[in-house]
Amino acid sequence: MQLLYFAWVRERIGLGAEEVDPPVTIATVADLIAWLSSRSDGHAAAFADPARLRAAIDQAFVPLDTSVVGAREVAIFPPVTGG
Amino acid sequence: MSDQAIIRVLVTTEAIDVAVEQIALEQGGAVATFTGLVRADDGVATLELEHYPGATEAALTRLAEEAVERWSLSAASIIHRVGPMQPGERIVFTGAASAHRAAALEACAFLIDRLKTDAPFWKREVVGGEGRWVEARDSDDHAADRWR
């Protein structure tokens, strides 16, 4: 699974993208975020408050309780601030 | 009209030329446009725009298509600048063309309101050499919600 990070999520983790192979127990984006938190101090800092995070699966915005089963690309980022 | 509607979506590091964009929309009987400029709030020296390549263009295209369908537009444009920019520069342009003014004005407002919540852009302000990510505003969610 390809992961993409943007804005302060990317900065705290220190990576814009990484490839991961989550265990089968990871069902939703929220599960994925909790699992990723243990990868490094940067991940832990980026994912400390899931209420401040938003996500997209295969380039479409989704709520954090959405299933990640079969997802090719998951992006995790702060609320958007364009315009 | 919607069958032949012209949709123009562009995410660019180049300056936005509003004359070119206005002319591209000029058909039907009415054109409404919105231009957003970088504000110098709180001493902002530089504004940097990050986006999610691919997903951004897809989100903007979906918005433009929704506007065309909902207001039977003859044309819809969304242009958004990314990368570093200075106060006073144009950051975003939305435009809608229709037979009459009401549809064009409403569709133009829809495009900018929904762009703020539905497209993956992030603003980072540089003030006094320090960078800080701009926080999302509840008022933007409320503005977008009135079109749902």
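Just so it is clear, the model here is predicted, and its values are computed rather than measured.

### Regarding the overall build of chain A
Scanning chain A for helices and strands turns up three helices and five strands. The N-to-C order of helical and strand elements in chain A reads β-α-β-α-α-β-β-β. Taken against the 2.2 N^0.38 rule, which gives 12 Å for 83 residues, the C-alpha radius of gyration of chain A at 12 Å falls within 12% of a compact globule. For chain A, the C-alpha atoms occupy an extent of roughly 35 × 30 × 20 Å along the three principal directions. For chain A, the proportion of its 83 residues judged to be buried stands at 47%. Taking contacts inside chain A between residues at least 6 apart in sequence as the whole, the part at least 24 apart equals 51%. For chain A, the separation between the mean place of its 6 positive charges and that of its 10 negative charges on side chains is 7 Å.

### Concerning the packing of aromatic side chains
All names here are of chain B. Within this structure, the stated rule accounts for nine aromatic pairs over all chains. On the basis of an interplanar angle of 75° and a centroid distance of 5.6 Å, the ring pair of Trp71 and Trp147 is categorised as edge-to-face. Taken as a pair, Trp71 in helix H2 (residues 55-71) and Trp147 in the segment after helix H4 (138-145) lie far apart in primary sequence, 76 residues in all. Note on accessibility: Trp71 and Trp147 belong to one class, buried.

### Structural notes on the sheet that holds strand S6 (residues 90-98) of chain B
Residues and elements named next belong to chain B. Read across the open sheet, the four strands follow the order S1-S4-S6-S2; overall the sheet is mixed. Among the strands making up the open sheet, the edge pair consists of strand S1 (6-12) and strand S2 (30-37). Averaged over all neighbouring strand pairs, the angle between strand axes comes to 5°, with direction disregarded. As paired strands, S2 and S6 are joined by eight bridges and run antiparallel to one another. Along S6, the bridge assignment pairs Val31 with Ala97. Against the sheet, helix H1 (residues 18-25) touches S1, S2, strand S4 (75-81) and S6, its axis set at about 15° to S6. The strands touched by H2 are S1, S4 and S6; relative to S1, the strand with the most contacts, the crossing angle is about 155°.

### What about the sheet that holds strand S1 (residues 2-5) of chain A?
All names here are of chain A. Strand order in the open sheet formed by five strands is S2-S1-S5-S3-S4, and the pairing between neighbours is mixed. Among the strands making up the open sheet, the edge pair consists of strand S2 (17-19) and strand S4 (60-62). The sheet shows a mean angle of 25° between the axes of neighbouring strands, taken without regard to direction. As paired elements, S1 and S2 share three bridges and run antiparallel to each other. Its bridge partner being in S2, Leu3 is matched across the sheet by Glu18.

### Digging into the side chain of His80 of chain B
As for its position among the elements, His80 of chain B is in strand S4. Among the polar contacts made by the side chain of His80 of chain B, one reaches the main-chain amide nitrogen of Gly83 of chain A at a distance of 2.9 Å. Once residues lying within four places of it in the same chain are set aside, the contact partners of His80 of chain B are Gly82 and Gly83 of chain A together with Leu10, Val11, Thr12, Leu49, Ile91, Val92, Leu115 and Phe121 of chain B.

### So, the pairing of S1 of chain A
Judged from the four bridges that link them, S1 of chain A and strand S5 (residues 73-77) of chain A form a sheet pairing that is parallel. Its bridge partner lying in S5 of chain A, Tyr5 of chain A is registered against Ile76 of chain A.

### Structural notes on the side chain of Ser98 of chain B
Note that Ser98 of chain B resides in strand S6. Contacts of Ser98 of chain B, omitting those with residues within four sequence positions, involve Gln27, Gly28, Gly29, Ala30, Trp71, Ser72, Leu73, Ser74, Ala103 and Ala104 of chain B.

### Quick notes on the interface of chain A and chain B
Between chain A and chain B, the residue contacts involve 20 residues of the former and 25 residues of the latter. The largest share of the area that chain A buries against chain B comes from Gln59, Thr81 and Gly83 of chain A, three residues that together contribute 36% of it. Put simply, Glu11 of chain A and Arg124 of chain B hold a salt bridge, and the shortest N to O gap is 3.6 Å. Here chain A is connected to chain B by 12 residue pairs in polar contact (both at pLDDT 80 or more). Breaking the side of chain A that touches chain B down by element, the ones donating at least two residues are S1, helix H1 (7-13) and S5 of chain A.

### Quick notes on the layout of surface pockets
Volume-wise, the largest pocket comes out at about 490 Å³. Taken together, 24 residues line the largest pocket, and the ones lying closest to its centre are Gly83 of chain A together with Arg39, Lys116, Lys123 and Arg137 of chain B. Within the residue set of the lining of the largest pocket, elements represented by two or more residues are S2, strand S3 (44-51), S6, helix H3 (101-118) and strand S7 (121-127) of chain B. Residues of the lining of the largest pocket, tallied by class, amount to 11 nonpolar, four polar and nine charged. Approximately 320 Å³ is the volume attributed to the second largest pocket. At the level of elements, strand S3 (54-57) and S4 of chain A together with H3 and H4 of chain B are the ones that each hand at least two residues to the lining of the second largest pocket. With five residues, the top contributor of residues to the lining of the second largest pocket is H4 of chain B. A class-by-class count of the residues in the lining of the second largest pocket yields eight nonpolar, one polar and nine charged.

How each quantity is defined
Residues numbered from 1 in each chain as written. Chains lettered and ligands numbered in written order. Predicted model: local features only at pLDDT ≥ 70, side-chain atom pairs only at ≥ 80, totals over all residues. Heavy atoms only, no water. Helix = DSSP H or I, 4+ residues; strand = E, 2+ residues; numbered from the N terminus. Rg over C-alpha atoms; globule rule 2.2 N^0.38 Å. Buried < 20%, exposed > 50% of the residue type's maximum accessible area, 1.4 Å probe, protein only. Contact = heavy atoms within 4.5 Å. Lys, Arg positive; Asp, Glu negative; His and termini not counted. Charge placed at Lys NZ, Arg CZ, Asp CG, Glu CD. Phe/Tyr/Trp six-rings, centres within 6.5 Å; stacked < 30°, edge-to-face > 60°. Pairing = 2+ DSSP bridges. Axes fitted to C-alpha atoms, helices over the stretch in contact; angles between N-to-C directions. Polar contact = N/O pair within 3.5 Å; in protein donor to acceptor, adjacent residues only side chain to side chain. Buried area = accessible area lost by both parts, 1.4 Å probe. Salt bridge = Lys/Arg side-chain N within 4 Å of Asp/Glu carboxyl O. 1 Å grid on protein atoms, 1.4 Å probe; cavity = no way out; pocket = protein on both sides within 12 Å on 5 of 7 lines; lining within 4 Å. Points joined across faces, edges and corners; volume = space filled by probe spheres on them. Nonpolar A, V, L, I, M, F, W, Y, C, P; charged D, E, K, R; others polar.

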